[in-house]
Amino acid sequence: MKKLSLVLAATVVCAPLWMSSAHAQFAKPEDAIKYRQSALSMLGTHMSRLQPVLKGQVAFDAAAVKANVAVIQTLSTLPWTAFATGTQGSSAAKPEIWSDAAGFKAAQQKFEATVVQLSAAADSGDLNKLRSAAGDVGASCKACHDSYRAKR
Ligand code: HEC
């Protein structure tokens, strides 16, 4: 029993260290690229699902919107650790992601802040607030793409 709790304690202590290293999370650069592209692709899918609501083409189902925005919020945090050094490969990631790491980080943070606002707007159930917040999210996607995503 004592042995088991020691093992558990070691796991708890080591996990954050291991998690903090993006290199340790992915065996190969291609794995990191696939991971971030998958998350970003799903982010695109879930943002698109808001469009018919924003355009008034379907009824505003507040519960469905909230559930979709919760997925967007989770996805919004996922891609970034997968932009580890040495993972540019043949992806659409521009070299500026690593040469201007502070700028890339700021773009992520700005984006994540707009998603927090989107979540608050979804909770409010107010379609106009949702439209405005979704516009801000879209603008922050574009701002990052303009600087850090290669056109292909
Ligand atoms: C902080 C920067 C940043 C933000 C914010 C950002 N993206 Fe991207 N996005 C990128 C980069 C860089 C790539 C290229 C990734 C690669 O090829 O490895 C990318 C790629 C994509 C792709 C293509 C994924 C694929 O299948 O290869 C989609 C779709 C996408 N982003 C959608 C979005 C949407 C929608 C948002 C906002 C809701 C968003 N992104 C926010 C930087 C960002």
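Residues numbered from 1 in each chain as written. Predicted model: local features only at pLDDT ≥ 70, side-chain atom pairs only at ≥ 80, totals over all residues. Heavy atoms only, no water.

Caption draft 1: Representation of the overall build of the chain within the structure. The helix and strand tally for the chain stands at eight helices and zero strands. In sequence order, the chain lays out its α and β elements as α-α-α-α-α-α-α-α. The buried share of the chain, reckoned over its 152 residues, is 30%. In the chain, 74% of the contacts between residues at least 6 apart in sequence involve partners at least 24 apart. As displayed, the chain offers around 9,300 Å² of accessible surface, 62% of which is attributable to carbon and sulfur atoms. (Helix = DSSP H or I, 4+ residues; strand = E, 2+ residues; numbered from the N terminus. Buried < 20%, exposed > 50% of the residue type's maximum accessible area, 1.4 Å probe, protein only. Contact = heavy atoms within 4.5 Å. Areas by Shrake-Rupley, 256 points an atom, 1.4 Å probe, with all protein chains shown as cover.)

Caption draft 2: View of the coordination of the iron atom of the ligand. Just one protein atom coordinates the iron atom of the ligand, and that atom is His145 (NE2), at 2.0 Å. If you trace the backbone, His145 turns up in helix α8 (residues 127–148). (Donors = N, O, S within 2.8 Å, 3.2 Å for Na, K, Ca; no water.)

Caption draft 3: Focus on the site of the ligand. Around the ligand, a shell composed of 24 residues is seen, among which Arg36, Gln37, Cys141, Cys144 and His145 lie nearest. Here an oxygen atom of the ligand and a side-chain polar atom of Gln37 are 2.7 Å apart. Between the ligand and Ser91 there is a distance of 3.5 Å, counted from an oxygen atom to a side-chain nitrogen or oxygen. For the shell around the ligand, the secondary-structure elements that each account for two or more residues are α3 (29–48), α7 (101–124) and α8. Considering every element that reaches the shell around the ligand, the biggest residue donor is α3, with seven residues. Classifying every residue of the shell around the ligand by side-chain character gives 15 nonpolar, seven polar and two charged. (Near = heavy atom within 4 Å. Polar contact = N/O pair within 3.5 Å; in protein donor to acceptor, adjacent residues only side chain to side chain. Nonpolar A, V, L, I, M, F, W, Y, C, P; charged D, E, K, R; others polar.)

Caption draft 4: Main features of the packing of α7 against α8. Axis separation between α7 and α8 bottoms out at 8 Å; the angle between their running directions is 165°. Put simply, α7 runs roughly antiparallel to α8. Viewed along their axes, α7 and α8 form a crossing whose handedness is left-handed. Across the interface between the two elements, Gly103, Phe104, Ala107, Phe111, Thr114, Val115, Gln117, Leu118, Ala121, Ala122 and Ser124 of α7 pack against Lys129, Leu130, Ala133, Ala134, Asp136, Val137, Ser140, Cys141, Cys144 and Tyr148 of α8. Within the contact of α7 with α8, the residues separate by chemical class into 14 nonpolar, five polar and two charged. (Axes fitted to C-alpha atoms, helices over the stretch in contact; angles between N-to-C directions. Parallel < 35°, antiparallel > 145°, perpendicular 65-115°, else oblique. Left-handed = near helix turned anticlockwise from the far one by under 90°.)

Caption draft 5: Main features of the confidence of the model for the chain. Per-residue confidence for the chain averages 90 on the pLDDT scale, and 84% of its residues sit at or above 70. Of the regions scoring below 50 in pLDDT, residues 12–20 engages in three contacts with residues more than four places distant in sequence or in other chains. (pLDDT = per-residue confidence, 0-100.)

Caption draft 6: Up close: helix α5 (residues 62–77). The terminal C-alpha atoms of α5, which comprises 16 residues, lie 23 Å apart, in line with the 22 Å expected from a rise of 1.5 Å per residue. All of the buried residues in α5 are Val65, Asn68, Val69, Ile72, Leu75 and Ser76. Down the axis of α5, the buried set is contained in an arc of 115°. They therefore lie on one face. Backbone nitrogen of Ala63 and a side-chain oxygen of the N-cap are separated by 3.2 Å at the start of α5; the cap is Asp61. (Expected span 1.5 Å × (residues − 1). Arc of directions from axis to C-beta.)

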